[in-house]
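Architecture at a glance
So the chains spell out like this:
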Amino acid sequence: MSTLFRTPSFRSWTASILHKPHADRDAVCRQLQRLGVEISTSWPELPEEAKQSNVIIFDADSGHDAQFPWSIDTHPMPMIALMGSEAPGRVEWAIRRGAIAHLSKPIASSGVYGALVVATQTFAMRKASEERIAKLETRLACRPQVAEAILLLMQHQGGTVEAAYRLLQDMAMNSRQTIETVAVDLVARKGGQDAGRREA
């Protein structure tokens, strides 16, 4: 089922442009100004305050890693590459640097809005996917504690594995936590009680 697409507004957004003074940079600035975006330009390096920008637009033809105030595996905001070259090395570098949309040089009188929409939507979807993966990894890492917590509940409450798991679910729901968090806490408390008995 398709969802209704809402036309985004970028008014009051901030954009940092990493590009030397050039007609292409001027064309991007004019389009951003029409959209109500606040602009800062820099060359040859992005300043630290660029970390607060909503979007980064950078020259992929002359760019290199040292221009950015964060590591290459960090993608803190949507990034748009300005590309005049289709050399595989330049394209691959722009993607590694975090570009999720691009504008072809020479920059025309339009196109920035579409690139902003693609970049921001793709960035949001990527972040959501990363969060889902992180949650799944956490759940997988906690499976031994969940199993141990179920065994503890069976020892104290009696009953079947299914009944102990339902009890664990109820505990999680009542405390508004995940089953994994409740299980880890339960096992940790059990471990503390055992240590206290050994010391006594």
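Only a predicted model underlies this, so the values are computations on that prediction, with no experimental measurement involved.

This part is about the sheet that holds strand 5 (residues 99-104). Spatial strand order, 2-1-3-4-5: five strands in an open sheet with parallel pairing. At either margin of the open sheet sits one strand with a lone partner, and together these are strand 2 (38-42) and strand 5. Mean inter-strand twist for the sheet, computed between neighbouring axes without regard to direction, equals 20 degrees. Across five bridges, strand 1 (residues 14-18) lies against strand 2 in parallel orientation. Its bridge partner lying in strand 2, Thr14 is registered against Glu38.

For strand 4 (residues 79-83), a buried count of five out of five residues is recorded, marking the element as mostly surrounded by other parts of the structure. Side chains of strand 4 alternate between two faces, with Met79, Ala81 and Met83 and Ile80 and Leu82 buried alike. The sheet contact formed by strand 3 (residues 55-59) and strand 4 spans four bridges and is parallel. When the sheet's bridge partners are listed, Ile57 is paired in strand 4 with Ile80.

With that settled, consider the packing of aromatic side chains. Tallied over the entire structure, the rule returns six aromatic pairs. Between Phe10 and Tyr113 the ring centres are 5.7 Å apart and the planes differ by 75 degrees, which places this aromatic pair in the edge-to-face class. Of this pair, Phe10 sits in the segment before strand 1 while Tyr113 sits in helix 3 (residues 112-141), and the two are 103 residues apart along the sequence. Ring centres 6.0 Å apart and planes at 55 degrees place the aromatic pair Phe68 and Trp70 in the tilted group. Among the residues examined, Trp70 registers a relative accessible area of 10% and is labelled buried. What links up through ring pairs into an aromatic cluster is the set Phe58, Phe68, Trp70 and Trp93. Across the ring face of Trp93, the terminal group of Arg90 is positioned such that the distance to the ring centre comes to 4.9 Å. Directly above the aromatic system of Phe68 lies the positively charged group of Arg97, at a separation of 4.2 Å from the ring centroid.

Rules used in this analysis
Residues numbered from 1 in each chain as written. Predicted model: local features only at pLDDT ≥ 70, side-chain atom pairs only at ≥ 80, totals over all residues. Heavy atoms only, no water. Pairing = 2+ DSSP bridges. Helix = DSSP H or I, 4+ residues; strand = E, 2+ residues; numbered from the N terminus. Axes fitted to C-alpha atoms, helices over the stretch in contact; angles between N-to-C directions. Buried < 20%, exposed > 50% of the residue type's maximum accessible area, 1.4 Å probe, protein only. Phe/Tyr/Trp six-rings, centres within 6.5 Å; stacked < 30°, edge-to-face > 60°. Lys NZ or Arg CZ within 6 Å of the ring centre and 35° of its normal.

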